[in-house]
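# Close look at the chain arrangement
Read off the chains here:
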Amino acid sequence: MFIDTHSHLNFSPFEADIKEVISRAKETGIIAIINVGADLSTSKRAIELAQKEDLCYATVGIHPTSTNNLQDKDYQKLEDLAQKKKVVAIGEVGLDWFHNQVSRKIQKESFERQILLAERLGLPLIIHNRDANSETLAILKEKKIRKGVMHCFSGDINFAISVLSLGLYISFTGNLTYKKNESLRTVAKEIPLGKILLETDCPYLPPQPKRGKRNEPGFLLYTAEELAKIKGVSLQELGETTTKNAQDLFKLQRLPRRQKT
Ligand SMILES: [Zn+2]
């Protein structure tokens, strides 16, 4: 049993065959899928899916690369959406110095504003950080953020230690399985299993055996197998622990009953 804590079934590549994608996920032992918003329209779509599909939950947020030209009324809409049923986090939000189509100043302001929203509503944060380690940490420290996850972790051990010291979780995607990513596996080995979440970030970042294809929640198992190997635990133990971690952070309601294996 596994939870895909960061998925984008709310994005257009899944429009045509979402039912099939979800049923394949169930077959591999996925018991919940958290679809993450990246702007107002994908946040809305994540909520629609959560209303229709038992397995699906939603988050709402504006990705740092989509923060240009936002007005007060847009943040108000986001706040309204954040209060819908089955919305379990604010995200993905953060800083992205890699794609620099939005100024750093605007990204920071939007990140801080969405952090305040998360605090007001008592929701955890799903944090996107690309090439902005020190600035991301500085903001999280200043705002005393304790509840959240550093999504798609690809940093080094020092960054991992800083993230853990804030009390945040660390989440791994299919990039943990990439042949050349030995350094990330070395970092994963050092992180306590009790602080790790699993995610696909689908349709992006398919695991090694599926590279070049559209990623989907059912492919989470490849990352889980890799992590079980790294940590020297059974796949079952890995599933149970990471599911408990996800449940502790996101407080998923109506989680399907545990299946006997
Ligand atoms: Zn994402």
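What you see as residue numbers is a count from 1 along each chain, following the sequence as written. Local features are withheld for residues below a pLDDT of 70 in this predicted model, meaning they are given only at 70 or higher, and side-chain atom pairs are given and counted only at 80 or more; totals for whole chains, interfaces and linings count all residues.

## Quick look at the sheet that holds strand β1 (residues 2–7)
In plain terms, the rule: When DSSP locates at least two bridges between a pair of strands, those strands are taken to pair. By definition, any uninterrupted DSSP run of H or I lasting at least four residues is a helix, any uninterrupted run of E lasting at least two residues is a strand, and each is numbered from the N terminus. For helices, the fitted axis covers only the stretch in contact; all axes are lines through C-alpha atoms, and the angles between them, taken along N-to-C directions, range from 0 to 180 degrees.
The strand order across the open sheet built from 8 strands is β1-β2-β3-β4-β5-β6-β7-β8, with neighbouring strands paired in parallel fashion. The sheet is open, and its two borders are formed by β1 and β8 (196–198), each paired with just one other strand. The mean inter-strand angle of the sheet, taken between neighbouring strand axes irrespective of direction, is 30°. Pairing between strand β2 (residues 30–36) and strand β3 (residues 56–60): 4 bridges, direction parallel. Among the inter-strand pairings, I34 is bridged to a residue of β3, identified as Y57.

## Regarding the packing of helix α3 (residues 72–82) against helix α4 (residues 104–121)
For any two helices packed against each other, the geometry is given by the interaxial angle and the distance between the axes. Heads up, the condition is: Roughly parallel covers angles under 35 degrees, roughly antiparallel covers those over 145, roughly perpendicular covers 65 to 115, and oblique covers all other angles. Two helices that cross are described as forming a left-handed crossing if the nearer one is turned anticlockwise from the farther one by less than a right angle, and a right-handed crossing if clockwise. Placing C-beta atoms from the backbone, we regard two residues as in contact once those atoms come within 7 Å.
Running from amino to carboxyl end, α3 crosses α4 at an angle of 30°, the nearest separation of the two axes being 11 Å. Classed by the angle they form, the pair α3 and α4 counts as roughly parallel. As α3 runs across α4, the sense of the crossing is right-handed. Here Y75, L78, E79 and A82 of α3 lie close against α4, whose contacting residues are R113, L117 and L121.

## Structural notes on helix α2 (residues 40–52)
Counted only if it meets this: Here the expected span of a helix is defined as 1.5 Å times the quantity of residues minus one. Partly exposed residues are those falling between the two cut-offs: more than 12 but fewer than 20 other C-beta atoms within 10 Å of their own, whereas 20 or more means buried and 12 or fewer means exposed, with C-beta atoms placed from the backbone.
Here α2 spans 19 Å end to end across 13 residues, near enough to the 18 Å set by a 1.5 Å rise per residue. Among the residues making up α2, those that are buried are T42, S43, R45, A46, I47, L49 and A50. Taken together, the buried residues of α2 touch β2, β3, α3 and β4 (87–96).

## What to know about the UniProt feature "binding site: a divalent metal cation 2" (unreviewed entry) in the chain
Which entries qualify depends on this criterion: UniProt positions are given in the numbering used here, feature names are shortened, and annotations may be inferred rather than shown by experiment.
UniProt's feature table lists "binding site: a divalent metal cation 2" (unreviewed entry) at H128 and H151, given in the numbering used throughout. For the annotated residues, spread through 24 residues, the largest C-alpha to C-alpha distance comes to 5.9 Å, consistent with a single compact locus. Following the sequence through the fold, H128 ends up in strand β5 (residues 125–130). H128 gets classed as buried once you count the C-beta atoms within 10 Å, which come to 25. Its location among the elements puts H151 in the loop between β6 (148–150) and α6 (157–165). The class of H151 is buried, set by 24 C-beta atoms lying within 10 Å.

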